[in-house]
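# Chains, contacts and geometry: an overview
So the chains spell out like this:
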Amino acid sequence: MSRAFVKEQDDQADRETPVRPQSPHINYVTPRGLALLRQKVEELAAARQTLAGREDLSSQPALRELDRELAYYSERLSRAVRVEPRMADDAVHFGASVCVEDATGERMTVVIVGEDEADVATGRISWVSPLAKALMNARVGDVVTWRRPAGDRELEILAINGG
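Parameters and conventions
- Residues numbered from 1 in each chain as written.
- Predicted model: local features only at pLDDT ≥ 70, side-chain atom pairs only at ≥ 80, totals over all residues.
- Heavy atoms only, no water.
- Helix = DSSP H or I, 4+ residues; strand = E, 2+ residues; numbered from the N terminus.
- Buried < 20%, exposed > 50% of the residue type's maximum accessible area, 1.4 Å probe, protein only.
- Contact = heavy atoms within 4.5 Å.
- Areas by Shrake-Rupley, 256 points an atom, 1.4 Å probe, with all protein chains shown as cover.
- Phe/Tyr/Trp six-rings, centres within 6.5 Å; stacked < 30°, edge-to-face > 60°.
- Lys NZ or Arg CZ within 6 Å of the ring centre and 35° of its normal.
- Salt bridge = Lys/Arg side-chain N within 4 Å of Asp/Glu carboxyl O.
- Pairing = 2+ DSSP bridges.
- Axes fitted to C-alpha atoms, helices over the stretch in contact; angles between N-to-C directions.
- Core = buried A, V, L, I, M, F, W, Y, C linked by side-chain atoms within 4.5 Å.
- Expected span 1.5 Å × (residues − 1).
- Arc of directions from axis to C-beta.

## What to know about the overall build of the protein chain
In terms of regular secondary structure, the protein chain is built from 4 helices and 7 strands. Listing the helices and strands of the protein chain from first to last along the sequence gives α-β-α-α-β-β-β-β-α-β-β. Residues classed as buried in the protein chain amount to 33% of the 163 residues present. Expressed as a percentage of contacts within the protein chain between residues at least 6 apart in sequence, the contacts between residues at least 24 apart total 56%. As displayed, the protein chain offers around 10,000 Å² of accessible surface, 52% of which is attributable to carbon and sulfur atoms.

In structure tokens form, the structure reads like this:
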């Protein structure tokens, strides 16, 4: 096989950017999450417009990647279901901030948000995560089991603040 033939296949593979798969779950979003999605789509559209104005071939892979991301986030935005915050609720729900404590006395606070807004580093967890599923509908004083690959962990609900 000649190198020219291999290069042609490589070039064709570069042109075919795979579609990012969408989550099978309903795209629940907080008001903040909806604003972040809108902002992301606007940023990608602006970047695409800037790049599309260039005529050099070297920008084509970046343009394809922008198209891919723009299609993904546009679809996420079109599927978004805004969930209004609930202030007066004594059970864990979407949008709530939840403070928990484990058997060793370690405490953590998490906010249950949509998939696109989740960021473990800032304590925002997806509503479809194992931790969020364990917490949902629990009340202050309840002990829930967080099923994790590293082993189950019992957590007591200390406080729930509305969304």
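## Some points on the packing of aromatic side chains
By the definition in use, this model includes 3 aromatic pairs. A network of ring pairs unites the aromatic residues Tyr28, Phe94 and Trp127 as a single cluster. Its guanidinium or amino end placed over the ring of Tyr72, Arg20 lies 3.7 Å from that ring's centre, counting from NZ or CZ. The aromatic ring of Trp146 is capped on one face by Arg148, whose charged end is 5.2 Å from the ring centroid.

## So, the pattern of salt bridges
All told, the structure shown has 14 salt bridges when counted by the stated rule. Across the pair Arg48 and Asp67 runs a salt bridge whose closest N-O atoms are separated by 2.4 Å. In this pair, Arg48 is assigned in helix H2 (residues 31–52) and Asp67 in helix H3 (residues 60–78), connecting sequence segments 19 residues apart. Judged by its relative accessible area of 28%, Arg48 is partly exposed.

## Remarks on the sheet that holds strand S5 (residues 124–126)
If you walk across this open sheet you meet the 5 strands as S5-S4-S3-S7-S6, and the pairing is mixed. Unpaired on one side and paired on the other, S5 and strand S6 (143–146) mark the two borders of the sheet. For this sheet the average axis-to-axis angle between neighbouring strands, irrespective of direction, equals 45°. Sheet topology note: the strand S3 (residues 97–102)/strand S7 (residues 153–161) ladder contains 6 bridges and is antiparallel. When the bridges of S7 are listed, Glu101 appears paired with Glu156.

## Comments concerning the nonpolar core
Membership of the largest hydrophobic core comes to 20 residues, with the highest contact counts inside it found for Val92, Val98, Ile112, Leu131, Leu135, Val144 and Ile157. For this core, the secondary-structure elements that each account for two or more residues are S3, strand S4 (107–113), helix H4 (130–135), S6 and S7. It is H4 that provides the largest number of residues to this core, a total of 4 residues. For Val92, the contacting residues outside a window of four places in its chain are Val98, Ile112, Leu135, Met136, Asn137, Ala138 and Ile160. Listed in part, the 11 residues of the second largest apolar core include Val29, Val41, Leu63 and Tyr72.

## Looking at the environment of Thr122
When you line up the elements, Thr122 lands in the loop between S4 and S5. Given a relative accessible area of 52%, Thr122 falls into the exposed group. It is 9.0 Å that separates the C-alpha atoms of Thr122 and Val111, two residues lying 11 residues apart in sequence.

## Re H2
Relative to the 32 Å expected for 22 residues at 1.5 Å per residue, H2 spans 32 Å between its end C-alpha atoms, a close match to the ideal helical length. Looking at H2, one finds that the buried residues are Gly33, Leu34, Leu37, Val41, Leu44 and Leu51. Buried residues along H2 cover an arc of 125° about the axis, so they all sit on one side. Opposite the buried face of H2, at more than 90 degrees from it, the exposed residues are Glu42, Gln49 and Thr50. Residues of H2 that are buried in the fold lie against strand S1 (27–29), H3 and strand S2 (80–82).

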